[in-house]
Amino acid sequence: MDLRIFTEPQQGASYDTLLKVAKATEDLGFDAFFRSDHYLRMGSADGLPGPTDAWITLAGLARETRRIRLGTLMTAGTFRLPGVLAIQVAQVDQMSGGRIELGLGAGWFEEEHKAYGIPFPKEKFARLEEQLAIVTGLWATETGRTFSYEGKHYQLRDCPALPKPAQSKVPVLIGGHGTTRTPRLAARYADEFNMPFASLEDSERQFGRVRAAAEEAGRKGDDLVYSNALVVCVGKDDAEVARRAAAIGREVDELKTNGLAGSPAEVVDKLGRYAAIGSSRVYLQVLDLHDLDHLDLISSQVQSQLG
């Protein structure tokens, strides 16, 4: 199973903090560094020193790292026009030497749109479907040819479809709990389906829906990678687990129920149960970005046991 580090910088993190976490991610042998795409804090966090932009962050990290994959869970479709997003991702992929992955979602947090003057359309899912068609269509267009698209929400005329990513195909991630449209969209466009913050039972059901949708679309169910995102809180003993839970404002029992919490042995056991339902990759939501010893412990005592 791949373990990836997933951060929520809108809760409070500078670029320098994210760089330290990304470098630790690489040095400690994790597979990837991912971040959310939000401009406003949630809950009781102070959000200081203020938001950082997902793709500007990843551009910087692309030049400061050498091995790890880099990406978003999830880029908000409401923040960027699809043609511009295709340029941004392709450029950062070139800057990284071909290590970028694009998680793309519809956008959901209305308050951040109000705060920063970003339109919050009602038909977000329909827009997302067109965005996926455009971004993947632009990248797939042969150099020297043009790309046109006539949709309800977006129209492109004779676009040169440049630049191209360094990778022949940038992996596209789609995720969510929707029971009908989400699996259908994943079956059509996704290389990976991610189930965020969900139980084993809910994950297994949703993975089954995506597999069925993929087969209906003419793909094999195993053509996609299936993954989860889960909050992580590991300690070498009960006191350390409690200290780390308190630092992120959570209760230990709740974290054990809804995430990956407890001793390394407990977390390895729960990861094994996710693997048993078909999850081959887990994004560890790390909420205290200053506790690099936490990452060290996960690397040495959890990741080392996963083969």
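Everything quoted here is computed from the prediction, not taken from an experiment.

I'm lost on empty space enclosed by the protein in this one. Help?
Empty pockets left among the atoms are what a rolling probe the size of a water molecule brings to light. This model, assessed by the stated rule, comprises 1 cavity of 30 Å³ or more. When its volume is computed, the largest cavity comes out at roughly 70 Å³. Residue lining of the largest cavity: V231, V232, C233, R244, I248, Q285, V286, L287, D288, D291 and H294, and that is the complete set. Elements that contribute at least two residues to the lining of the largest cavity include exactly β10 (225-234) and β12 (281-286). Counting residues per element, the lining of the largest cavity draws most heavily on β10, at 3 residues. Grouping the amino acids of the lining of the largest cavity by side-chain chemistry returns 6 nonpolar, 2 polar and 3 charged.

Looking at this model, I keep getting lost on the pattern of salt bridges. Mind explaining?
Oppositely charged side chains may form a pair once their charged atoms are brought near each other. Under the counting rule described, the total for this entry stands at 24 salt bridges. Residues R4 and D31 are paired through a salt bridge, measuring 2.6 Å at the closest nitrogen-oxygen approach. In this pair, R4 sits in strand β1 (residues 2-7) while D31 sits in the loop between α1 (15-27) and β2 (32-35), placing the two residues 27 residues apart along the sequence. For R4, a relative accessible area of 1% corresponds to the buried category. The closest approach of N and O atoms between E150 and R157, which form a salt bridge, is 2.8 Å.

Would you explain the side chain of S203 in this entry?
Position of S203 among the secondary structure elements: in helix α7 (residues 200-216). Accessibility expressed as a relative area gives 0% for S203, which makes it buried. Side-chain polar atoms of S203 contact the side chain of N228, separated by 2.9 Å. Setting aside residues up to four positions removed in sequence, S203 forms contacts with M195, A198, N228, Y274 and I277.

Looking at this structure, how should I read the packing of helix α10 (residues 264-276) against helix α11 (residues 292-302)?
What describes two packed helices is the angle between their axes and the distance between those same axes. It is at 10 Å that the axes of α10 and α11 come closest, and there the two elements cross at 65 degrees. The pairing of α10 with α11 is recorded here as roughly perpendicular in orientation. Of the two elements, α10 crosses α11, and the hand of that crossing is right-handed. Only L297, Q301 and V302 of α11 make contact with α10, whose side of the interface consists of P264, V267, V268 and L271. Counted by class, the contact of α10 with α11 contains 6 nonpolar, 1 polar and no charged residues.

Can you help me understand the packing of aromatic side chains in this one?
For any pair of aromatic rings, geometry is given as the distance between the ring centres together with the angle between the planes. Tallied over the full model, the rule gives 6 aromatic pairs. Ring plane angle 70 degrees and centroid distance 5.0 Å describe the contact between F34 and Y283, whose orientation is recorded as edge-to-face. Of the two residues, F34 sits in strand β2 while Y283 sits in strand β12, which places them 249 residues apart along the sequence. Grouping residues by exposure puts F34 and Y283 together as buried. Between the NZ or CZ atom of R181 and the centre of the ring of F125, over which it lies, the distance is 4.2 Å.

Please clarify how the packing of helix α6 (residues 181-189) against α7 should be interpreted in this entry.
Running from amino to carboxyl end, α6 crosses α7 at an angle of 50 degrees, the nearest separation of the two axes being 8 Å. As judged from the angle between their axes, α6 and α7 are oblique. Of the two possible hands of crossing, α6 and α7 adopt the one that is right-handed. From α6, T182, P183, R184, A186 and A187 reach across to α7, where they touch Q206, R209, V210, A213 and A214.

What counts and how
- Residues numbered from 1 in each chain as written.
- Predicted model: local features only at pLDDT ≥ 70, side-chain atom pairs only at ≥ 80, totals over all residues.
- Heavy atoms only, no water.
- 1 Å grid on protein atoms, 1.4 Å probe; cavity = no way out; pocket = protein on both sides within 12 Å on 5 of 7 lines; lining within 4 Å.
- Points joined across faces, edges and corners; volume = space filled by probe spheres on them.
- Helix = DSSP H or I, 4+ residues; strand = E, 2+ residues; numbered from the N terminus.
- Nonpolar A, V, L, I, M, F, W, Y, C, P; charged D, E, K, R; others polar.
- Salt bridge = Lys/Arg side-chain N within 4 Å of Asp/Glu carboxyl O.
- Buried < 20%, exposed > 50% of the residue type's maximum accessible area, 1.4 Å probe, protein only.
- Polar contact = N/O pair within 3.5 Å; in protein donor to acceptor, adjacent residues only side chain to side chain.
- Contact = heavy atoms within 4.5 Å.
- Axes fitted to C-alpha atoms, helices over the stretch in contact; angles between N-to-C directions.
- Parallel < 35°, antiparallel > 145°, perpendicular 65-115°, else oblique.
- Left-handed = near helix turned anticlockwise from the far one by under 90°.
- Phe/Tyr/Trp six-rings, centres within 6.5 Å; stacked < 30°, edge-to-face > 60°.
- Lys NZ or Arg CZ within 6 Å of the ring centre and 35° of its normal.

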